[in-house]
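Examining the three-dimensional arrangement
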Amino acid sequence: MKKRSKYIYTIICDKNKVEKLIQEYLKANEFKLIIKNKESYYKAGDASFGYVGFKYVFNDEELEIYAWVFSIFGGEYPFINKAPLAYNPYADSMLKLLKDIEKINQGGDNIEWK
C-alpha cells in the first residue's frame, strides 16, 4: 500500500519558476529519475539513511507533490512529521523546498536552491 505525504498548491505565479526550483532541489539532493510499474518518480538516499521518493505533477494551475520514505520491508511511509524521519537528512531540505514554493508563489523573488 502506498502511503505518501501529499501537498497541493494552487500556482498563481509563473509555473516555470516553480519547475526550476523543484529541479534545482532534485539535483542538489542527488535524486535520480525512476520509472517503475508505469510510474515515474525520483529517488534518493543510501543504505545508511534509507531511501526517499519524490513525485510532482502540474495539473493546470495546481501542483501536487508526493513525498515518502521507502521501508526496508518494501512499503512506504509518509515523508514529513513521521517518526521514521527523525534521522533522515532529506527532511530539512524537503521542508525548505515547500516553504520556498510558497514564497515564490506569493511573488517572492527567484529563489535558487543551495
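Residues numbered from 1 in each chain as written. Predicted model: local features only at pLDDT ≥ 70, side-chain atom pairs only at ≥ 80, totals over all residues. Heavy atoms only, no water.

**Digging into the overall build of the protein**
Scanning the protein from terminus to terminus reveals two helices and six strands. Helices (α) and strands (β) of the protein occur, in sequence order from the N terminus, as β-α-β-β-β-β-β-α. Put simply, of all contacts in the protein between residues at least 6 apart along the chain, 54% involve residues at least 24 apart. When the accessible surface of the protein is summed, it comes to about 7,200 Å², and 50% of that surface belongs to carbon and sulfur atoms. (Helix = DSSP H or I, 4+ residues; strand = E, 2+ residues; numbered from the N terminus. Contact = heavy atoms within 4.5 Å. Areas by Shrake-Rupley, 256 points an atom, 1.4 Å probe, with all protein chains shown as cover.)

**A look at the confidence of the model for the protein**
The share of residues in the protein with pLDDT of 70 or more is 84%, and the mean pLDDT across the chain is 83. For the protein, the element scoring lowest by mean pLDDT is strand β6 (residues 76-78), at 78; strand β2 (residues 32-36) scores highest, at 96. (pLDDT = per-residue confidence, 0-100.)

**Some words on helix α1 (residues 15-28)**
Spacing of three or four residues puts side chains on the same side of an α-helix, whose turn is 3.6 residues. In this model α1 runs 20 Å from its N-terminal to its C-terminal C-alpha over 14 residues, within 8% of the 20 Å that 1.5 Å per residue would give. Inspection of α1 places V18, L21, I22, Y25 and L26 among the buried residues, and these make up the whole buried set. The arc that holds the buried residues of α1, viewed along the axis, is 135°, so those residues lie on one side. Opposite the packed face of α1, turned more than 90 degrees from it, sit the exposed residues N16 and K27. One side-chain oxygen at the N-terminal end of α1 lies 2.9 Å from the backbone nitrogen of N16; it belongs to D14. (Expected span 1.5 Å × (residues − 1). Buried < 20%, exposed > 50% of the residue type's maximum accessible area, 1.4 Å probe, protein only. Arc of directions from axis to C-beta. Polar contact = N/O pair within 3.5 Å; in protein donor to acceptor, adjacent residues only side chain to side chain.)

**Examining the side chain of E64**
Tracing the backbone through its elements, the reader meets E64 in strand β5 (residues 62-70). No salt bridge is formed by the buried E64, whose closest oppositely charged neighbour, K6, lies at an N-O distance of 4.3 Å. In this structure the side chain of E64 is engaged in a polar contact, spanning 2.5 Å, whose partner is the side chain of Y66. Discounting residues that sit within four places of it in the chain, E64 has contacts with K6, Y7, I8, K55, Y56, V57 and N59. (Lys, Arg positive; Asp, Glu negative; His and termini not counted. Salt bridge = Lys/Arg side-chain N within 4 Å of Asp/Glu carboxyl O.)

**Points about helix α2 (residues 90-105)**
With 16 residues, α2 extends 22 Å from end C-alpha to end C-alpha; this agrees with the ideal 22 Å at 1.5 Å per step. What α2 keeps buried is the set Y90, A91, S93, M94, L97, L98, D100, I101, I104 and N105. On its buried face, α2 is in contact with β1 (5-10), α1, β3 (39-46), β4 (50-59) and β5. One or two positions beyond α2, positive phi appears at G107, with a value near 95°.

**Description of the environment of F49**
Tracing the backbone shows F49 in the loop between β3 and β4. On the accessibility criterion, F49 (40% relative accessible area) is partly exposed.

**Here we look at unusual backbone geometry**
Its identity is not glycine, yet E30 carries a phi of approximately 55°, on the positive side. The residue E30 is located in the loop between α1 and β2 in this model. Although it is not a glycine, N37 sits at a positive phi angle of roughly 50°. Considering the arrangement of structural elements, one finds N37 in the loop between β2 and β3.

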